[in-house]
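Breakdown of the fold
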Protein chains: 2
Amino acid sequence: MSNVSIIGIGQTPVKEHWDKSLRDLAVEALLAALKDAHTEKVDALYVGNALSALLGGQEQLGALIADASGMRGIEAFKIEAANGAGAGALHVAYLAVTSGLYESVAVVGVEKMTEAMNGAVTAAVSLAGDGDYETMLGISPTAVAALLMRRYMYEYDLVAADLAGFSVNAHANAAGNKFAMYPRAISRDAYVNAKMIADPINMLDHAPYADGAAALILSATDRLNGNGARAVRVAASTVATDSVSLAARHEPLWLSAAEASAQKAYAHARIAPNDVDLFETHDAYSILSTLQLEAAGFAERGRGALLSRDGDISLTGKIPITTMGGLKARGHPVGATGVYQVAEVVQQLRGEAGKNQIADARVGMAQSLGGIGATAVTHILVN
Amino acid sequence: MSNVSIIGIGQTPVKEHWDKSLRDLAVEALLAALKDAHTEKVDALYVGNALSALLGGQEQLGALIADASGMRGIEAFKIEAANGAGAGALHVAYLAVTSGLYESVAVVGVEKMTEAMNGAVTAAVSLAGDGDYETMLGISPTAVAALLMRRYMYEYDLVAADLAGFSVNAHANAAGNKFAMYPRAISRDAYVNAKMIADPINMLDHAPYADGAAALILSATDRLNGNGARAVRVAASTVATDSVSLAARHEPLWLSAAEASAQKAYAHARIAPNDVDLFETHDAYSILSTLQLEAAGFAERGRGALLSRDGDISLTGKIPITTMGGLKARGHPVGATGVYQVAEVVQQLRGEAGKNQIADARVGMAQSLGGIGATAVTHILVN
């Protein structure tokens, strides 16, 4: 068992924040997390962000956000792994505390996207693709995901509506999350009839880009100093990679980084998939949740989508996913998403998930993906 | 004493690499480092890069470079701290090995700048500044450095030529470095008469932007497995920050992050400045070397520049700096620079610095800066 615990979480609402800058959002989440942790000071700050170079004209976010949040001077820098940036920052924080060099550290994932023009956002999120072999040819991440979903449907004899359950579940859950961008249920019919973006991916299958920040405070478990009542242990934090280009993979329909990262996490936490009470998937597109459920051992190959049809992924199902709305309905501020996922797992394990509470939740898992699964970061939390 | 050693180094020449892409450069440096370490496999890869989003249209460099260098699957992501990115990646590698979770890890710093138009490069390096309070007003990092140098000259009654020794020393040293971009001596007159860029910073005071990659292989010292003959211990790896905006600092002429990072490093390595046999400064501009020498305790306030006049910084001086040419004459591939610095310290401590060898070098220090000292990363290596 690791020596790392999460002792505080903070989140801003996920939405179009026209009145707040990137640093405003980061500071808001950080201060909320510090307050939640009953702490004023940490030894280091790790920032997850994917797009601020292109969308904000700003780098060196570590020093910038440390200063803005009243921590001028402390160790700080940014971690980038495309959409997996926030989870990557948490992994560095985990390494830092595990090293024994730091007693407590902060993580903030932040993204500010909605002030940019649509073309700029597409260019920015396309940085996650392979510049020489994919992006140069004009294909966006959504188009790559569409190819993947189409192939999956062909291979396993499904139609797009067979994946409707992922969005329906996410939106139903978002209704119970005060930070969610779209906190309202949608019907299966709404999904089936939604406007097409990149066939077969439609408006209700594509996680909405958004502004937001989420933060976590980590502490060495053996130094909780009486602050452990609401602490949640980080039982595993693992990263694995795959080719960035989808075409370069031996089996495009198998997320090998997601599998490797999950397997390393299970081994480290000494658990098996059936010990997991909830699983925050990276549902930027439903096909990714589908493939993550397979890669992480919750479904056989080709059977991941079926879990969404039979209620298995609902709050009372066999393996609840996207329990606070997921990327799809909580919203997807790219470099912040991985931190939101883990903050939501903490809410569940603390029993603070309100009407979305998973009964007796003890083991929660979150898996964040960079690009179309080129980077996979898995966290297992245990109460 | 830490449990981290550097067992391999690799560098590409620093120059305009018209025939090599960013990933080509990274792979070349990584494979050289693996060969130097007599190793084929590492547990993780940390990439330092500052500018590829803007200049290369590419992010997710962790997964991308892991795959390109034959390490598909391993943990990998990117660290960004402006010009301090490479050193930041090394710091994460240090945390990773110190955590005990990994036996050996790789670091690569890489930057590809010279294919971009000049305006694009200025925009990219300006990401290091404060977007809302500096860059938005049109001031570039070089212009900020010029203000800093002018204020220093005013405060301590100096002229620009008093700082000439930094460039003269760097160029003299670069002549002995086969990887250097400008391996030739310059005269003091050449410095004084060089074309002005941002008064008082001239062409021979400004480190040239370039393409290049440098890599390191780190191993747990207690697991060297007979591979320790040329291993160099990492005695300290520390990071500190300051406000990104120069105007927001209480004392603009004092690099407080450089001081804090150096002090933490001395404490951790249990040494004092006079134990240091060589010091790789971040001489993007001579004023930065000047202020680093003061902040790190090698000169009193206002006396840093004087060290460059009296031969104290030369290979046989009291505190040799930029011993392989520094940013100024080895060249400055921004996100790679911090890794080059440390690779050069390793060369010195191994006694492999050729005609640039510091006699009996046992303790070497490198300090990399992000922006105008907003991030400072210090490494102390001991043989």
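What you see is a predicted model, and the numbers here were worked out from it, not measured in a lab.

Side note on the nonpolar core
Core analysis: the biggest nonpolar cluster contains 89 residues, and A:Tyr46, A:Leu216, A:Leu218, B:Tyr46, B:Leu216 and B:Leu218 have the highest contact counts within it. Once residues lying within four places of it in the same chain are set aside, the contact partners of B:Leu218 are B:Val4, B:Ser5, B:Ile6, B:Leu90, B:Ala93, B:Tyr94, B:Val97, B:Glu103, B:Ser104, B:Val105 and B:Val107.

Focus on the relation of the copies chain B and chain A
Overlaying chain B on chain A yields an RMSD of 0.0 Å, the required transformation being a rotation through 180° with an accompanying axial translation of 0.0 Å. Taken together, these values place the two copies in the relation of a two-fold axis. Identified as the residue of chain B closest to the rotation axis by C-alpha distance is B:Ser99, at 1.8 Å. Take the interface residues of chain B: 100% of them recur as interface residues in chain A, which is what a same-surface contact looks like.

Notes on the interface of chain B and chain A
On the side of chain A, 56 residues touch chain B, which itself brings 56 residues to the contact. Taking both sides of the interface into account, the surface hidden between chain B and chain A amounts to around 4,300 Å²; carbon and sulfur atoms contribute 54%. Contact with chain A buries surface across chain B, with B:Gln60, B:Arg72 and B:Glu80 losing the most and accounting together for 16% of the total. The interface formed by chain B and chain A includes six salt bridges. A:Asp130 is paired through a salt bridge with B:Arg23; the nearest N and O atoms lie 2.6 Å apart. The interface formed by chain B and chain A holds 30 residue pairs in polar contact (both at pLDDT 80 or more) in total. Those elements that place two or more of their residues in the side of chain B that touches chain A are helix 2 (52-56), helix 3 (61-68), strand 3 (75-80), helix 4 (85-98) and strand 8 (232-241) of chain B.

With respect to the side chain of A:Thr12
Along the chain, A:Thr12 falls in the loop between strand 1 (4-11) and helix 1 (22-36). Beyond its immediate sequence surroundings of up to four residues, A:Thr12 is in contact with A:His17, A:Leu25, A:Glu28, A:Ala29, A:Phe179, A:Gly212, A:Ala213 and A:Tyr340.

Some points on unusual backbone geometry
Residue and element names in this part refer to chain A. Put simply, Asp199 and Pro200 share a cis peptide bond, and its omega is 10°. Relative to the elements of secondary structure, Pro200 occurs in the loop between strand 5 (196-198) and strand 6 (201-202). One non-glycine residue, Ala82, adopts positive backbone phi at about 55°. Mapped onto the secondary structure, Ala82 falls in the loop between strand 3 (75-80) and helix 4 (85-98). For Ala82, a relative accessible area of 4% translates into the label buried. A positive phi angle, near 40°, is found at Thr322, a position not held by glycine.

So, how was this worked out
Residues numbered from 1 in each chain as written. Chains lettered and ligands numbered in written order. Predicted model: local features only at pLDDT ≥ 70, side-chain atom pairs only at ≥ 80, totals over all residues. Heavy atoms only, no water. Core = buried A, V, L, I, M, F, W, Y, C linked by side-chain atoms within 4.5 Å. Buried < 20%, exposed > 50% of the residue type's maximum accessible area, 1.4 Å probe, protein only. Contact = heavy atoms within 4.5 Å. Least-squares fit on C-alpha atoms with pLDDT ≥ 70 in both. Buried area = accessible area lost by both parts, 1.4 Å probe. Salt bridge = Lys/Arg side-chain N within 4 Å of Asp/Glu carboxyl O. Polar contact = N/O pair within 3.5 Å; in protein donor to acceptor, adjacent residues only side chain to side chain. Helix = DSSP H or I, 4+ residues; strand = E, 2+ residues; numbered from the N terminus.

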